[in-house]
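Understanding the architecture of this molecule
Below are the chains, spelled out letter by letter.
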Amino acid sequence: MAPPLIPFFVLAFLLVITSLMVVFQRNVVHSALSLVAALFLIALFFIMLHAPMVGVLQILIYAGAIMVLFLFVIMLLNPAALEQRRGVWWWFGTVAALILGGLLVAVMTGTEPPPDPAAATALFGSPEMLAKSLFTDFVLPFEIASILLLVAIVGAVVLAKREP
Amino acid sequence: MIVDIGIIALKAFLVLFMVLNLAGILGWVERKGSALIQDRIGANRASIFGFAGMGLVNTLIADPLKFLTKEDFIPPAGDKFLHTLAPCMAFFPALVTFAVIPFGDVLVIGDRVINLQVANINVGILYIFAMASLGVYGIVIGAWASNNKFSLLGGVRGSAQMISYEVAMGLSVIGILMVYGTLELQEIARAQGELLWGWLPRWGVFLQPLAFLLFFVAAVAETKRIPFDLPEGESELVAGYHVEYSGGKFLMFFAGEFAEIVTAAGLITTLFFGGWQVPYLMRDGFHFPWGGVRLMHQWAVALLQVVAFTVKVVFFCWLQISLRWTVPRFRYDQVMRLGWKMMLPLALLNVAITAIVIIAVQ
């Protein structure tokens, strides 16, 4: 059940283009919208890999909620006022990104696909399967993650409410 | 193979045809209906050889022609590309959502079983929420690309409002999912054909009345209509997020709003009012609880189901339209308080109570 190749390469090409646009656009709103497009394309990848649930959740949460908040903040804060380019950190960032990229390429070229991938069953990627593994095998990490998010929200409220 | 693709294309065409035409007719209902409610005459100027057709000529022929032939103005300081993209993004979600809403049971032709639904995916409801959550971009991008303070304020209001009500909307549907135990809309519609105590259809509204109320209010808030039309509130923001739009692009925002109404009505029907179910109508005809059986041909049954679905959808469209001309607009703090402090806790309470009842019944 390997994904068909031509749609894969079309999607991958578009994904690389949009991801590059996130970095290279001058306008922050354009960058954010390119990120939305990239996240949408990643969701299409999940759907091609027989995981419609993960794909739809990707759109719902990342493209539909988190990026809207990003745009919301960008519109309110007018980041053109924050413009600042090519400080000392720019060079550190470039070097760090190059090192990370080199490491990733090394890892990816060193990986071999499993010789005989298990065939996807009919239930693979269905809400039932996802819920079953989430609430039995991985219930502790799942709950810890939700408590972490709760703590972050409470912390944000405390910081925002602090008297000057 | 080709026949299958043809059938899917035909279903998609039929659904789009119905939604778009219903959206157009709703424009007429909005104008003439509001005139009726407010004791005015309403649109009656345009006519063809003296035939005005109760304002139909005006709203269905003259208005669109005028929209399409007007100058398409893009603010010089605005963002040209995004200004054009925004109406498309506002229009898109309302149309694709209808793909997973079933409008009938199955038709058996020869050895082919046709599901009367464009796309049956096992995460139907999540797909709907995913598409609905993309609807915000039309407003936000349009508001920002116009480079206008009023439209930006409208966009900020709109995005905050839609995110807030999506939460309550999603949580109110959890109760329905728990009762019927599936995310597939066709399965949910099918499960509502069973009977409770032998005579009451197991419709969502009888099992989850609170969820219905919450979902309905959240759906009205998501379509950004009065009492939740703060993003475009005329008396405060001129026209809010679409203040800089004219001609065809404004028509797209306008028609998108009506398409959203139709989609919301379709969802309410499917989740809470049995979808295409007619009470006591099984696949082979009526089976009345008091003993009568009236067998019917499967084409007659399918036709009845589609008609029932359409009637329910039209009813909820009309309810939403008449709501607009009945109640005044909220203040913005009231909108936020209603969403976060009343509807969200009630939706959570509904989920908890539903869980307790389900476990107690088992």
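Please read all numbers here as calculations on a predicted model, not as lab measurements.

1. Overview of the overall build of chain B
The helix and strand inventory of chain B stands at 12 helices and seven strands. Taken over C-alpha atoms, the radius of gyration comes to 22 Å for chain B, in line with the 21 Å a tight globule of 362 residues would show. If one aligns the C-alpha atoms of chain B with their principal axes, the spans along those axes are about 65 × 55 × 50 Å. Within chain B, the proportion of its 362 residues that are buried is 46%. For chain B, restricting intrachain contacts to residue pairs at least 6 apart in sequence, the fraction spanning at least 24 positions comes to 75%.

2. Some words on the pairing of strand β2 (residues 112-115) of chain B
Look at any regular strand and the pattern is simple: side chains alternate between the two faces of the sheet. Two strands pair when backbone bridges link them, and strand β1 (residues 106-109) of chain B and β2 of chain B are joined in this way by four bridges, in the antiparallel orientation. Looking at β2 of chain B, one finds that Ile109 of chain B is bridged to Arg112 of chain B.

3. Observations regarding the domain arrangement of chain A
Residue and element names in this part refer to chain A. Here chain A is partitioned into domain 1 (1-83) and domain 2 (121-164). Across the contact, five residues belong to domain 1 and five residues belong to domain 2. Across the side of domain 1 that touches domain 2, the residue classes break down as four nonpolar, one polar and no charged.

4. Remarks on the packing of helix α8 (residues 209-222) of chain B against helix α12 (residues 332-361) of chain B
Residue and element names in this part refer to chain B. Direction vectors running N to C along α8 and α12 enclose 145 degrees, while the axes themselves pass 10 Å from each other. In this structure, the crossing between α8 and α12 has a hand that is left-handed. Of the residues in α12, those touching α8 at Leu210, Ala211, Leu214, Val217 and Ala218 are Met343, Leu346, Ala347 and Asn350. Taken together, the residues that form the contact of α8 with α12 break down as eight nonpolar, one polar and no charged.

5. So, the nonpolar core
Residues and elements named next belong to chain B. In this structure, Leu126, Phe215, Ala218, Val262 and Ile268 are the most contacted members of the largest nonpolar core, which totals 116 residues. Per-element tally for this core: the top contributor is helix α4 (residues 124-145), with 17 residues. In this view, Ile268 contacts Phe215, Phe216, Ala219, Phe273 and Phe316; residues no more than four positions away in its chain are not counted.

6. Details of the environment of Gly93 of chain A
Tracing the chain through its elements places Gly93 of chain A in helix α4 (residues 88-110). The sequence separation of Gly93 of chain A and Phe8 of chain A amounts to 85 residues, and the corresponding C-alpha distance is 31 Å.

7. Quick word on the interface of chain A and chain B
Facing the 17 residues of chain A at the interface are 19 residues of chain B. Counted by class, the side of chain A that touches chain B contains 15 nonpolar, two polar and no charged residues.

8. Topic: the packing of helix α1 (residues 2-37) of chain B against helix α11 (residues 298-324) of chain B
Residue and element names in this part refer to chain B. In contact at an axis separation of 10 Å, α1 and α11 are set at 40 degrees when each is read in the N-to-C sense. You can see that α1 and α11 cross each other, and the crossing is right-handed. Facing Leu22, Leu26, Val29, Glu30 and Gly33 of α1, the residues of α11 in contact are Cys317, Trp318, Ile321 and Ser322. Here the contact of α1 with α11 is built from residues that sort into six nonpolar, two polar and one charged.

9. Considering helix α2 (residues 28-48) of chain A
Along an α-helix, residues three or four positions apart point the same way, because every turn accommodates 3.6 residues. Residue and element names in this part refer to chain A. Over its 21 residues, α2 extends 30 Å from the first C-alpha to the last, a length consistent with the 30 Å expected when each residue adds 1.5 Å. Regarding α2, the residues found buried are Ala32, Leu33, Leu35, Val36, Ala38, Phe40, Leu41 and Ala43. Those residues of α2 hidden inside the fold are in contact with α1 (5-24) and α3 (52-77). Trailing α2 by a residue or two, His50 shows a phi angle of about 60 degrees, which is positive.

10. Comments concerning the sheet that holds strand β6 (residues 285-287) of chain B
Sheet architecture is open: three strands sit in the order β5-β6-β7 (chain B), paired in antiparallel fashion. If you trace the sheet from one side to the other, it starts and ends with β5 (281-282) and β7 (293-295) of chain B, each paired once.

11. Thoughts on the confidence of the model for chain A
The predicted model of chain A has a mean per-residue pLDDT of 82, with 85% of residues at 70 or higher. Across chain A, the element-wise mean pLDDT spans from 81 in helix α5 (residues 127-135) of chain A up to 91 in helix α6 (residues 139-161) of chain A.

12. Digging into unusual backbone geometry
The phi angle of most residues is negative, glycine excepted, and most peptide bonds adopt the trans form. Residue and element names in this part refer to chain B. Notably, Asp39 is not glycine yet its phi reads approximately 60 degrees, a positive angle. Among the secondary structure elements, Asp39 is positioned in the loop between α1 and α2 (56-69). Although it is not a glycine, Asn147 sits at a positive phi angle of roughly 55 degrees. Its place among the elements puts Asn147 in the loop between α4 and α5 (149-180). Exposure remark for Asn147: the 15 C-beta atoms within 10 Å place this residue in the partly exposed category.

13. Overview of α2 of chain B
All names here are of chain B. For α2, which comprises 14 residues, the first-to-last C-alpha distance of 19 Å matches the rise-based estimate of 20 Å (1.5 Å per residue) to within 8%. The largest bend along α2 measures about 30 degrees and falls at Ala62, with the proline Pro64 one to four residues further on. For α2, the complete set of buried residues consists of Asn58, Thr59 and Asp63.

14. Brief notes about the environment of Val106 of chain B
By secondary structure assignment, the location of Val106 of chain B is in strand β1. Distance in space between the C-alpha atoms of Val106 of chain B and Arg283 of chain B is 8.7 Å, their sequence separation being 177 residues.

Conventions we followed
Residues numbered from 1 in each chain as written. Chains lettered and ligands numbered in written order. Predicted model: local features only at pLDDT ≥ 70, side-chain atom pairs only at ≥ 80, totals over all residues. Helix = DSSP H or I, 4+ residues; strand = E, 2+ residues; numbered from the N terminus. Rg over C-alpha atoms; globule rule 2.2 N^0.38 Å. Buried ≥ 20, exposed ≤ 12 C-beta atoms within 10 Å, placed from the backbone. Contact = placed C-beta atoms within 7 Å. Pairing = 2+ DSSP bridges. Domains from an automatic or database assignment. Nonpolar A, V, L, I, M, F, W, Y, C, P; charged D, E, K, R; others polar. Axes fitted to C-alpha atoms, helices over the stretch in contact; angles between N-to-C directions. Left-handed = near helix turned anticlockwise from the far one by under 90°. Core = buried A, V, L, I, M, F, W, Y, C linked by C-beta atoms within 7 Å. Expected span 1.5 Å × (residues − 1). pLDDT = per-residue confidence, 0-100. Bend = angle between axes of the 7 residues up to and from the residue.

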